[in-house]
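Given next are the chains, with one letter for each unit.
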Amino acid sequence: MYDLHCHILPELDDGSTSIEETLEMLRIAVCSGVNKIVCTPHRKDVSENTSVYKVLELVDDLNSYLIKEGIDCELFSGMENHLDDQLTGDILNGKALSINQTRYVLVEMPFFGGEDRITNQLDDLLSQNITPVLAHPERIEAVQSNPDLLYEFVEKGILNQITAGSLLGFFGEKVQSFTETMLSMNLAHILASDCHSSLGDRSPNLDLGIAKCIELVGDFKTMAMVIDTPKLVLNNKLVDIPSPS
C-alpha cells in the first residue's frame, strides 16, 4: 500500500523528532502493510530552517538504510506545500517539491479564511500543468462552510486526500461527519496517514482508518484510495477521477 502524506523525516518540522522515531514510524507503517511512503515535511519549515537538498538527502540516506536492512519499504520525496501566491513559482524554480518530482503536488489550503484567494491560487497551479492534491480538505474551514468548492475543484481535475484519523474522529465529530460525506459523494480520492509521530492519533498505522473506510464504501473503493490512485500519482500517470455524485 501507499501513504502519500507523512511527516516522517527527522527534525524538519513538527513530525518526527529524531532518527530513532523515524525508524519506529517506518516499522509501524510496514507492519500495517505500507511499503511506499512519500515524505512530506511542511514547505514553510523547510524554507525557513533547512533546504530542499536536505529533504532529498534524508530520503536517499533512509532508502539506503532500508535496502541494507532488508526492509520492504521505499521512500519518495515530497512536501506539504501551504497554498500562497508564491507556490507555483517555487515549484517551477525547485524551491518546493512535488510528489516524487511528478506533476502532482500536495497542497495545504489555509485552515481558516482565504476563500477569496484559494480558487485563484489553485487555478494558477493548474495553468502550469501542476495538479494539486489537496491535503485533508475535510479540516479546512472554507471547504466546510462551502462544500460546493470541492465540486468545482474536482471537476477541474484536482484530487482530494483525506486523513485516516478524520474518519476515526481524531479531529472531532464535525470533521468526521464531513469526511464521511466526502466519501459518499465521490469527493475523496486518496487515504493517507498524515502521520507526525510513532504513537497516538498521528501514528502511521493505517489499519483502523482503512477498516472504517471499508465499512463506509467497501473494499474496492477503499483499496483504490491506498493502492491504485496513489500508485498512479507516484508514477505521474493520469488519474481518471469519477464525477462527484
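Here, every reference points to the structure presented above.
The structure reproduced in this document is the subject of the present report. (Residues numbered from 1 in each chain as written. Predicted model: local features only at pLDDT ≥ 70, side-chain atom pairs only at ≥ 80, totals over all residues. Heavy atoms only, no water.)

Thoughts on the layout of surface pockets
By volume, the largest pocket amounts to about 320 Å³. In this structure, the largest pocket is lined by 19 residues; those nearest its centre are Ala188, Lys221, Ala224, Thr229 and Pro242. At the level of elements, helix H9 (173-184) and helix H10 (207-234) are the ones that each hand at least two residues to the lining of the largest pocket. Element by element, the count of residues in the lining of the largest pocket is highest for H10, at 8 residues. (1 Å grid on protein atoms, 1.4 Å probe; cavity = no way out; pocket = protein on both sides within 12 Å on 5 of 7 lines; lining within 4 Å. Points joined across faces, edges and corners; volume = space filled by probe spheres on them. Helix = DSSP H or I, 4+ residues; strand = E, 2+ residues; numbered from the N terminus.)

Some words on the sheet that holds strand S3 (residues 74-77)
If you walk across this open sheet you meet the 3 strands as S1-S2-S3, and the pairing is parallel. At either end of the open sheet lies a strand with only one pairing partner, and these are strand S1 (2-6) and S3. Neighbouring strand axes in the sheet, compared pairwise and without regard to direction, differ in orientation by 25 degrees on average. Two elements, S1 and strand S2 (residues 36-39), share 3 bridges in a ladder whose sense is parallel. (Pairing = 2+ DSSP bridges. Axes fitted to C-alpha atoms, helices over the stretch in contact; angles between N-to-C directions.)

With respect to the state of the cysteines
One pass over the full model with this rule turns up 0 disulfides. Here Cys31 is not cross-linked by a disulfide; its sulfur's nearest cysteine counterpart is in Cys73, at 11 Å. The class of Cys31 is exposed, set by a relative accessible area of 58%. Here Cys39 stays free of any disulfide, with the sulfur of Cys6 as its closest cysteine sulfur at 7.1 Å. (Disulfide = S-S within 2.5 Å. Buried < 20%, exposed > 50% of the residue type's maximum accessible area, 1.4 Å probe, protein only.)

Things to note about unusual backbone geometry
If a residue is not glycine, its phi is most likely negative; likewise, a peptide bond is most likely trans. Here the phi dihedral of Asn129 falls at roughly 60 degrees; this positive angle occurs in a residue that is not glycine. Among the secondary structure elements, Asn129 is positioned in the loop between helix H5 (115-127) and strand S6 (131-135). One non-glycine residue with positive phi stands out, namely Asn236, at about 60 degrees. Counting through the fold element by element, Asn236 comes out in the segment after H10. Classification of Asn236 as partly exposed rests on a relative accessible area of 30%.

Brief notes about the side chain of His5
In this fold, His5 is placed in strand S1. We classify His5 as buried; its relative accessible area is 0%. There is a polar contact of 3.2 Å between the side chain of His5 and the side chain of His7. If we ignore the near neighbours within four places in the chain, the residues touching His5 are Val38, Thr40, Glu80, Leu106, Ala135, His136, Gln161, Ala192, Ser193, Asp194 and Cys195. (Polar contact = N/O pair within 3.5 Å; in protein donor to acceptor, adjacent residues only side chain to side chain. Contact = heavy atoms within 4.5 Å.)

Comments concerning the nonpolar core
Within the largest apolar cluster, 72 residues are counted, with the highest numbers of intra-cluster contacts made by Ile37, Leu75, Leu122, Phe153 and Leu191. Residues in contact with Phe153, not counting those within four places in the same chain, are Met109, Ile118, Thr119, Leu122, Leu134 and Ile158. (Core = buried A, V, L, I, M, F, W, Y, C linked by side-chain atoms within 4.5 Å.)

A look at the sheet that holds strand S7 (residues 159-163)
One open sheet accounts for 5 strands, arranged S4-S5-S6-S7-S8; its pairing is parallel. Each having just a single partner strand, strand S4 (81-82) and strand S8 (190-192) make up the two edges of the open sheet. The pairing of strand S5 (residues 104-108) with S6 spans 4 bridges and is parallel. Residue Tyr104 lies in a different strand from S6, and its bridge partner there is Thr131.

Details of the pattern of salt bridges
A side chain of one charge can pair with a side chain of the opposite charge when the charged atoms of the two come close. Scanning all chains against the criterion turns up 11 salt bridges. In this structure, Arg43 engages Asp90 in a salt bridge whose closest nitrogen and oxygen atoms are separated by 2.8 Å. Here Asp90 lies in helix H4 (residues 87-92) and Arg43 lies in helix H2 (residues 43-49), a separation of 47 residues in the sequence. Accessibility expressed as a relative area gives 16% for Asp90, which makes it buried. Its salt-bridge partner being Lys54, residue Glu57 comes within 3.6 Å of it at the nearest N-O pair. (Salt bridge = Lys/Arg side-chain N within 4 Å of Asp/Glu carboxyl O.)

As for the environment of Thr119
Among the structural elements, Thr119 can be located in helix H5. The spatial distance from the C-alpha of Thr119 to the C-alpha of Ile8 is 30 Å, given a sequence separation of 111 residues. Beyond its immediate stretch of four places on either side in the chain, Thr119 contacts Leu149, Phe153 and Lys156.

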